[in-house]
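Topology and contacts: notes
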Amino acid sequence: MVLTTDASSEFRDGFPFVGGATWLDLLNTMPAGEAGPKELLDGSERARAWLTAAGLGDAAGDGNEALTDLRALRAELRPVFDDLQRGEALSDTVLASVNQRLAGISGHYALRPGENGPTLGLSLDRAAAGPGALIALDLARFVCEAEPARLKRCAADDCTLVFYDRGRNNTRRWCTMSLCGNRDKVARFRARRAAR
């Protein structure tokens, strides 16, 4: 199962959580703007804030270490989005990096009550794994379960956020309707009024 963000809150603590998967939300921590890329992980406190907002705060550890790790992982995963979107296999370098991070994950199986009876699941030692390993696990699950054709970039000309379209018809165009989608609707409305 891919880690997903809380759909009720597209923006948390100033960070976009519109990707539909934690590894995509990490990529969205450096959106490009008119003046070039904007670094949202601009210090150790902001790195810890992003991890908390992403639900990984218990794995954060040292803020400076988390910042360095998140930025390095983001740089490694940025080309993975394009490769997956084109239907290409992950490179040996990416596989080795992900596998190295996955090696740091430990856990145990636990039986839990479920809606339809008990379920067996793997309980991870999140604090020992660290956020980079948990994000690598999210990517690993994603590439095994997701459909590459559903990976998209926001259709707005001035937006560089990426997302996974979980809609039934795979017709999502915007990172979020509340911002980019709404701006497009307003622009089309104004264009129609001006044409009259």
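Fair warning: this is a prediction, and the values are worked out from it, not measured in the lab. Along each chain, the written sequence defines residue order, and numbers are assigned to residues from 1. Per-residue local features are limited, in this predicted model, to residues with pLDDT of at least 70; the limit for side-chain atom pairs, both in listing and counting, is 80 or more; totals at the level of whole chains, interfaces and linings are taken over all residues. Hydrogens and water are ignored here; the side-chain numbers use all heavy atoms of the structure.

For the rest of this paragraph, the subject is the pairing of strand β5 (residues 107-112). When DSSP finds two or more bridges between a pair of strands, those strands are recorded as paired. Helical segments are the DSSP runs of H or I of at least four residues, strand segments are the runs of E of at least two, and each set is numbered from the N terminus. Summarising the sheet, β5 and strand β6 (residues 119-124) pair through six bridges and their orientation is antiparallel. The residue bridging Ala110 from the neighbouring strand is Gly121, located in β6.

Take unusual backbone geometry next. Phi is positive for Asp13, close to 55 degrees, though the residue is something other than glycine. Locating Asp13 in the fold gives a position in the loop between β1 (11-12) and β2 (15-16). Residue classification places Asp13 among the partly exposed residues on the basis of a relative accessible area of 49%. Despite not being glycine, Asn170 shows a phi value in the positive range, around 55 degrees. Turning to its location among the elements, Asn170 is positioned in the loop between β8 (162-164) and α7 (177-195). Overall, Asn170 belongs to the partly exposed group, its relative accessible area being 24%. Partly exposed describes any residue whose relative accessible area lies between the buried limit of under 20% and the exposed limit of over 50%, with all areas from a 1.4 Å probe on protein chains only and scaled to the type maximum.

To form a nonpolar core, buried Ala, Val, Leu, Ile, Met, Phe, Trp, Tyr and Cys residues must be joined to one another through side-chain atoms within 4.5 Å. One finds Trp23, Leu24, Trp50, Ile135 and Phe142 to be the most contacted residues of the largest nonpolar core, which totals 41 residues. Secondary-structure elements contributing two or more residues to this core are α1 (22-27), α2 (44-53), α3 (63-85), α4 (92-102), α6 (131-145) and β8.

It is worth spelling out the packing of α4 against α6 at this point. Only the stretch in contact is used when a helix axis is fitted, and all axes are lines through C-alpha atoms; the angle between N-to-C directions ranges over 0 to 180 degrees. At a minimum axis separation of 8 Å, α4 and α6 run at an interaxial angle of 125 degrees. Our classification of the angle between α4 and α6 gives oblique. Crossing hand, α4 versus α6: left-handed. Residues Val98, Arg101 and Leu102 of α4 pack against Gly132, Ala133, Ala136, Leu137, Leu139 and Ala140 of α6. Roughly parallel means an angle under 35 degrees; roughly antiparallel means over 145; roughly perpendicular covers 65 to 115; every other angle is labelled oblique. Handedness of a crossing follows from how the near helix is turned relative to the far one, being left-handed for an anticlockwise turn of less than a right angle and right-handed for a clockwise one. Any two residues whose heavy atoms approach within 4.5 Å at even a single point are treated as in contact.

With that out of the way, let us pick up a nonpolar patch on the surface. Residues Tyr109, Leu111, Leu120 and Leu122 make up a contiguous nonpolar surface patch of about 500 Å² in total accessible area. Tracing the sequence through the fold places Tyr109 in strand β5. Residues with no salt bridge and a relative accessible area higher than 30% make up the patches, which join like charges within 9 Å and nonpolar side chains (Val, Leu, Ile, Met, Phe, Trp, Tyr) within 5 Å. To measure how exposed things are, a 1.4 Å probe is used in the Shrake-Rupley method; for residues, cover is taken only from the protein chains shown. Counted as salt bridges are all cases of a side-chain nitrogen of Lys or Arg within 4 Å of a carboxyl oxygen of Asp or Glu.

With that out of the way, let us pick up the pattern of salt bridges. This model, assessed by the stated rule, comprises ten salt bridges. Here Arg101 makes a salt bridge to Glu76, at a shortest N to O gap of 3.9 Å. Taken as a pair, Arg101 in helix α4 and Glu76 in helix α3 lie far apart in primary sequence, 25 residues in all. Residue classification places Arg101 among the buried residues on the basis of a relative accessible area of 15%. For Arg153, the salt bridge goes to Asp82, with nearest N and O atoms at 2.4 Å. Taken together, the positions of Arg153 in strand β7 (residues 151-153) and Asp82 in helix α3 put the pair 71 residues apart, joining distant regions of the chain. Look at the salt bridges and you will find they share partners, linking Glu39, Arg71 and Arg74 into a network.

What follows deals with the packing of α3 against α4. Two numbers describe how α3 lies on α4: the axes approach to 11 Å, and their chain directions differ by 140 degrees. In the crossing of α3 with α4, the sense of the turn from one axis to the other is left-handed. Every residue of α4 that contacts α3 at Asp69, Leu73, Glu76 and Val80 is listed here: Val94, Ser97 and Arg101.

A separate point is α2. Residues spaced three or four apart along an α-helix point in a common direction, a consequence of the helix completing one turn every 3.6 residues. For α2, the full list of buried residues reads Ala47, Ala49, Trp50, Leu51 and Ala53. Close packing links the buried residues of α2 with β1, β2, α1, α3 and α6. Downstream of α2 by a residue or two, Gly55 has a phi angle that is positive, lying close to 85 degrees.

You can read pLDDT as the predictor saying how much it trusts each residue, on a scale of 0 to 100. Per-residue confidence for the protein chain gives a mean pLDDT of 87, with 89% of residues at or over 70. Put simply, strand β3 (residues 32-33) is where the protein chain has its lowest mean pLDDT, 71, and α1 is where it has its highest, 97. pLDDT under 50 marks residues 1-8. Its contacts with residues more than four places away, or in other chains, come to 20 contacts.

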